[in-house]
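What the coordinates show
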Amino acid sequence: MNPTPSMPVPPPWDGDVARARALQLELAAAVRLRDDYPPLRRLAGVDVGFEDGGAITRAAAVLLDARTLAPLAERVARLPTRMPYIPGLLSFRELPAVLEALGALPETPDLVFVDGQGIAHPRGLGIAAHLGVITGLPAIGVAKKILVGTHGEVGPRRGDRVELRYRGKVVGAVLRSKEKVRPLVVSPGHRVGLESAPELVLACCTRYRLPEPTRLADRIASRRDRGGSLFP
DNA sequence: GCGACAG
DNA sequence: ATCTTGTCGC
């Protein structure tokens, strides 16, 4: 992704929870849930970790070949942490660092996988949806736990899934990405449909619970990369 | 009023 | 998310 001139970022945290929530409602209105992504050539995965007991926010972005899922580039961004974790306002805490790492990638991805919720959120704007609306890029949220919503039992086989409902609406899917592991919570972030999101995530799940884009970003963001880059 | 609550 | 080693189960 080239030096992007005007990529709007969340305003500095001022402690005003009510205003942040109001902004989420505005941005949620811009979310598009229709499949509208280009032929997939490049994928990206982003995730966040912390250093100094939370003082530093460390974001990682990984670029992958969509066909082979092989990593092509990785970027890390470190920023002073501006606000505490508040359920429902996660994106305001993590997005600044994520956008910096994403913007530093050598190419603009066709689709971004984000560790967290898409529209499966109290106001329809989880971090994946927030990122999508702000960057204009197609995005999907892949979370390890539910924030809101309910669902029936999920089958035991890879690929089995059930709808995630919130306030009478389908907002995502609970997907078994691999046998004998807890299912993932998948929800569209932007420019991706409710049916396509789980399909795209599953296509990126090889031998682990998490899809490659998010799994690789997670390794780097959480300092588990064991000494260095993905390219030995 | 009492829980629940992505990372 | 993070603090943290070995250990039990598939």
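Analysis parameters
Residues numbered from 1 in each chain as written. Chains lettered and ligands numbered in written order. Predicted model: local features only at pLDDT ≥ 70, side-chain atom pairs only at ≥ 80, totals over all residues. Heavy atoms only, no water. UniProt positions renumbered as here; feature names shortened; annotations may be inferred. Near = heavy atom within 4 Å. Polar contact = N/O pair within 3.5 Å; in protein donor to acceptor, adjacent residues only side chain to side chain. Nonpolar A, V, L, I, M, F, W, Y, C, P; charged D, E, K, R; others polar. Buried < 20%, exposed > 50% of the residue type's maximum accessible area, 1.4 Å probe, protein only. Helix = DSSP H or I, 4+ residues; strand = E, 2+ residues; numbered from the N terminus. Contact = heavy atoms within 4.5 Å.

As recorded in an unreviewed UniProt entry, chain A goes by Endonuclease V and comes from Fulvimonas soli. Per UniProt, chain A has the following entry under Cofactor (unreviewed entry): "Mg(2+)". Listed in UniProt under the heading Catalytic activity (unreviewed entry), the comment for chain A reads: "Endonucleolytic cleavage at apurinic or apyrimidinic sites to products with a 5'-phosphate."

Taken together, 17 residues lie around DNA strand B, and Y85, G88, L90, Q117 and K144 are the ones closest in. In the interface set of DNA strand B, defined as its atoms within 4 Å of the protein, sugar plus phosphate atoms amount to 38%. Measuring from a phosphate oxygen of DNA strand B, one finds a side-chain N or O atom of Y85 at 2.7 Å. The separation between a base nitrogen of DNA strand B and a polar main-chain atom of L90 is 3.1 Å. Among the residues forming the surface near DNA strand B, the class breakdown is eight nonpolar, four polar and five charged.

This next bit is on helix α3 (residues 127–135). Judged by how many residues are buried, α3 sits mostly within the fold: nine of nine residues are covered. Among all positions of α3, only I127, A128, A129, H130, L131, G132, V133, I134 and T135 are buried. Of the surrounding secondary structure, the elements contacted by the buried residues of α3 are α1 (17–28), β1 (42–51), α2 (90–103), β4 (111–115), β5 (139–143) and β8 (184–190). Once α3 ends, the next one or two residues include G136, with phi positive near 85°.

With that settled, consider the UniProt feature "binding site: Mg(2+)" (unreviewed entry) in chain A. When the UniProt feature table is mapped onto this chain numbering, "binding site: Mg(2+)" (unreviewed entry) sits at D47 and D115. Considering the C-alpha atoms alone, the annotated residues occupy 69 residues of sequence yet fold into one spot, their largest mutual distance being 5.6 Å. Looking at the secondary structure, you find D47 in strand β1. On the basis of relative accessible area, D47 is assigned to the buried category, the value being 7%.

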